[in-house]
Amino acid sequence: MTNTRRLWIIFGLSVFGAFFILGWFGREVYRQAPPIPDRVLTTDGRQLFTREDILRGQQVWQSIGGQQIGSIWGHGAYQAPDWSADWLHREALALQGLLSQKRFERNFSELGTVERAAVNAELGETMRGNTYAPATGTLTLSPLRAAAIDETAQHYMALFGDDPQLDGLRESYALHTSAIPDMGRRRAMTAFFFWTSWAAAAQRPGTAVTYTNNWPHEPLVGNQATPASLLWSLVSIALLLAGIGALVWFKKFRDDREDLPVPPASDPLDQLTTTPSMRATAKYAYIVVALFAVQVLLGALVAHYTIEGHSFFGIPLSDILPYATARTWHIQLAVFWIATAFLAAGLYLAPAVGGREPKFQRLGVHVLFGALVLVVGGSLLGEFLSIRQVLGLDAGFWFGHQGYEYVDLGRFWQILLFIGLVLWLVLVLRGLWPALREKGHRRQLVLLFAGASGAIGLFYAAGFFYGARTHLSVMEYWRWWVVHLWVEGFMEVFATAALAFVFSRMGLIRASTATAAVLLTSAIFLFAGIPGTFHHLYFSGTPVSIMAIGASFSALEVVPLALVGFEAWETYRMGGRAPWMSAYRWPIRFFIGVAFWNLVGAGVFGFMINPPIALYYMQGLNTTPLHGHAALFGVYGLLALGLILTVLRRLQPRGVWREGPLRTAFWGMNIGLALMIVLSLLPVGLAQAWASMTHGLWYARSADFLQLPVLETLRWLRVVGDTVFIIGVGALAWFVIGLKTGWSYTAGQDRAAIPLSGRPAKVPGL
């Protein structure tokens, strides 16, 4: 596969076509988003809420952590309720009681079968009826429904305050007392909760389904899975099978992969000159491991809060570090350390690929490191202050907490992070520039590496296309550009190109073969993955067309994973092709781990919740963190750690590593992750799915269900996996510290060991 011109054309058309689809149908997200009424009035003229109340309530929700305390439309944390589903159920129950008293002057529990049917029929008609008038921007409700809304609002006013009668419920939700001390803010947030549940129950004009495609499952108001959910689920399964069949056929009959070249007698990378800027990336490796360790400890704390609510083995840590803060930091640090690992790999490889050290490159690496430390520290402090309600609403969005998962950091820190990414991109491109001017397949591989670097540097800017008061549906569209395209998409392309370049530079594969493999893999992945972003938006106030595109294309994302065993085997073969490859044994094993979790975490667990009919019942349940943990750490986490170990191996090329801690780290983290899944996340998620299908989402997320003894036992069992995982992380940290102190390596037979702080001998570059 040496002629890559056709593959470049396929790659270009794939990316262009995929973004065209994402943008074209993205217009529908704007056009058909649920309306935010200017006024919510009763038929007798009483004003309940205004548009200003709803938008201010959205800001209040953001300020306390937003998607880190429960969820809205299924997106967010999994401990407290989904507030849209919870409000909908509570309002429906309140209205049911009021209708029963009005029509029969008895409680609903005292009615006969026929009378109950009559009340429930009127309840469904009232809740699903869309009385919004676009011409006036007014939503008109009956006084009886207004009374039900007032009753529901009082519950949330008390819950987010300090009412002692709800202390037990707050503990079950891991919600700290007086989460919103200001009563005016609490009142505004009830307006936002009402609007999100109204959109989930009111039918979209001209259709028989709600603005959220009948999500959540709520029998009281007639929210059932739609025919479209079932149809597009069947289509997605058919496309998945067809795609797997086509790829297997291609591999079997048409893949003219070249034989691997004879590897050189010695490591070609030993001939590289280790430049000052390359040595400066060592500090990135240390900070990656440090942030990783803190992030894992916070994850253990968050998991424990789901059991004890406010305590950690009896210690009331939530007084200092509430669940919302701990979970925010846990997720933000995951993004930070994984991204930093990719930045370090780019900074190390750029001068190695280009063959020279650009002027002031080392200074740029130091400045970027300082900027990253500032952004990490400043954003975490701002999030803490915002959740503590220290900041104003506007200031909170800019310097505190945006309220949206994975992009929690305040807008000011987000801008600084983007500036840092642009600086990183400049540093990488100026290092690559000499290689970009060369001819041949090596230049094409460098071009792919540069393009992926550009995407990482620039696509984070998608997070600037929404503000504090942007419509929730529109915000979700752009947020998933960051989470799905930036984190899950272009980082993978970057890593694929980086690994291909390293293996080709080692002489283990030909540059032409590596280029062709990266082009083909990236074309398939991005063509499916870019429009596949819509599978996160099935029930976020979007029309059926979004469901159709999301289900169809995201099913194809799984297709390349069907042959992931082949990828793992190829990677494994790399490690045994030459004696000197033993020095890279453990980085390669981390890459093999990536291949395994790609299949299990991204493939099996991802597709389990991907079809619309599955996600209809499972969105917002523990089936989502099941996929998230297995894919985010299993794929991107192990990939990041493998890259860091590769960089460290090159920064410490003269010594022989003591591999015991690395062996413990690798198996501890992988076995720990598997135990988390098998003992806790998977059974809890499946139990919740059953509860959601049987009774409704509100019940699957309720304290009554999650505090059942069997569910508590399953969540306690997560301690087993967490403990094994933490042992693995500790072993990795011990090993990396030992590279600095000297206890993690011994002198080679013919070379003296050199600590990372030393200066390796200068030798000519390749």
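Residues numbered from 1 in each chain as written. Predicted model: local features only at pLDDT ≥ 70, side-chain atom pairs only at ≥ 80, totals over all residues. Heavy atoms only, no water.

Student: Can you lay out the sheet that holds strand 1 (residues 39–42) for me, pointing to particular residues and giving the numbers?
Tutor: To summarise the sheet geometry, strands pair through backbone hydrogen bonds and adopt either a parallel or an antiparallel arrangement. The sheet built from four strands is open, its strands ordered 2-1-6-5 with mixed pairing. Two strands close off the open sheet at either side, each with one partner strand: strand 2 (47–50) and strand 5 (132–133). Relative to strand 2, strand 1 runs antiparallel, the two sharing three bridges. Residue pairing in the sheet places L41 in a bridge with Q47 of strand 2. (Pairing = 2+ DSSP bridges. Helix = DSSP H or I, 4+ residues; strand = E, 2+ residues; numbered from the N terminus.)

Student: Account for the confidence of the model for the protein, with residues named and values stated.
Tutor: Per-residue confidence for the protein gives a mean pLDDT of 89; residues scoring 70 or more make up 93%. Ignoring residues within four places in sequence, the model shows residues 749–766, a span with pLDDT below 50, making 49 contacts including any to other chains. (pLDDT = per-residue confidence, 0-100. Contact = heavy atoms within 4.5 Å.)

Student: Could you give an account of the side chain of S229, naming the residues involved and the relevant values?
Tutor: In this structure, S229 sits in helix 8 (residues 227–254). A polar contact is formed between the side chain of S229 and the side chain of T226, at a distance of 3.0 Å. Excluding residues within four positions of it along the chain, S229 makes contact with F539, M547, P612 and I613. (Polar contact = N/O pair within 3.5 Å; in protein donor to acceptor, adjacent residues only side chain to side chain.)

Student: Quick one: what's the story with the environment of G601, residue by residue and with numbers?
Tutor: For G601, the position within the fold is in helix 20 (residues 585–608). Taking the relative accessible area as the measure of exposure, G601 reaches 0% and is therefore buried. Taking C-alpha positions, G601 is 4.4 Å from A630, a pair spaced 29 residues apart along the chain. Other than its neighbours up to four places away in sequence, G601 contacts G606, H627, A630 and A631. (Buried < 20%, exposed > 50% of the residue type's maximum accessible area, 1.4 Å probe, protein only.)

Student: Which residues make up the pattern of salt bridges, and what values do they have?
Tutor: Enumeration over the complete set of coordinates arrives at 12 salt bridges. With its nearest N and O atoms 2.5 Å apart, the salt bridge here joins R106 to E115. In this structure, the salt-bridge partner of R479 is E476, at a minimum N-O distance of 2.9 Å. You can see R479 and its partner E476 sitting in helix 16 (residues 472–505), three residues apart, about one turn around the helix. (Salt bridge = Lys/Arg side-chain N within 4 Å of Asp/Glu carboxyl O.)

Student: How would you sum up helix 26 (residues 709–716)? Please name residues and give values.
Tutor: Side chains that are three or four residues apart share a direction in an α-helix, a result of its 3.6 residues per turn. Those residues of helix 26 lying buried are L711, L714 and R715. Along the axis of helix 26, the buried residues cluster in a sector spanning 95 degrees; they form a single face. Opposite the packed face of helix 26, turned more than 90 degrees from it, sit the exposed residues P709 and V710. Lining the buried residues of helix 26 we find helix 10 (282–308), helix 23 (660–694), helix 25 (703–706) and helix 27 (718–741). (Arc of directions from axis to C-beta.)

Student: Residue-level account of the environment of S277, with values.
Tutor: Its location among the elements puts S277 in helix 9 (residues 276–280). Considering only alpha carbons, one finds S277 and H536, 259 residues apart in sequence, at a separation of 40 Å. Dropping the residues within four chain positions of it, S277 is found in contact with P351, E357, Q361, R362 and V365. Here E357 takes part through its side chain, which lies 2.7 Å from a polar atom of the side chain of S277.

Student: Outline the nonpolar core, listing residues and values.
Tutor: With 232 residues, the main nonpolar core has W83, F160, F193, F292, W337 and M669 as its most contacted residues. A total of 23 residues in this core trace back to one element, the largest contributor, which is helix 16. Those residues in contact with F193, other than ones at most four positions away along the chain, are W61, I72, W83, W87, Y156 and F160. In terms of nonpolar packing, the next biggest core, distinct from the first, is built from 14 residues, L99, F108, L111 and L123 among them. (Core = buried A, V, L, I, M, F, W, Y, C linked by side-chain atoms within 4.5 Å.)

Student: Please give an account of the environment of T328 that cites residues and values.
Tutor: Looking at the element boundaries, T328 is found in helix 11 (residues 323–354). In contact with T328, other than residues within four places in its own chain, are Q68, E383, I387, H401 and D408.

Student: Can you break down the packing of aromatic side chains residue by residue, with the values?
Tutor: Within the structure shown, the criterion is met by 54 aromatic pairs. Plain terms: the ring middles of Y699 and F705 are 5.3 Å apart, the flat faces sit at 55 degrees to each other, and that makes the pair tilted. Directly above the aromatic system of W24 lies the positively charged group of R27, at a separation of 4.0 Å from the ring centroid. The ring of Y466 carries the charged tip of R411 above its face, separated from the ring centre by 5.3 Å. (Phe/Tyr/Trp six-rings, centres within 6.5 Å; stacked < 30°, edge-to-face > 60°. Lys NZ or Arg CZ within 6 Å of the ring centre and 35° of its normal.)

Student: With reference to specific residues and values, describe unusual backbone geometry.
Tutor: Backbone torsion omega between W215 and P216 reads 5 degrees, so that peptide bond is classified as cis. We note that N214 has phi near 70 degrees; this positive angle belongs to a residue other than glycine. Turning to its location among the elements, N214 is positioned in the loop between helix 7 (183–201) and helix 8. Among the residues examined, N214 registers a relative accessible area of 6% and is labelled buried. Not every positive phi belongs to a glycine, and Q389 is a case in point at roughly 60 degrees. Take Q389: it is sitting in the loop between helix 12 (361–387) and helix 13 (393–400). Look at Q389 and you get buried, because its relative accessible area is 14%.

Student: Explain the packing of helix 10 against helix 11 residue by residue, including any values.
Tutor: Put simply, helix 10 and helix 11 touch, their axes get as near as 8 Å, and they point 155 degrees apart. When the axes of helix 10 and helix 11 are compared, the pair comes out roughly antiparallel. Note that helix 10 runs across helix 11; the crossing there is left-handed. Across the contact of helix 10 with helix 11, the residue classes break down as 20 nonpolar, five polar and one charged. (Axes fitted to C-alpha atoms, helices over the stretch in contact; angles between N-to-C directions. Parallel < 35°, antiparallel > 145°, perpendicular 65-115°, else oblique. Left-handed = near helix turned anticlockwise from the far one by under 90°. Nonpolar A, V, L, I, M, F, W, Y, C, P; charged D, E, K, R; others polar.)

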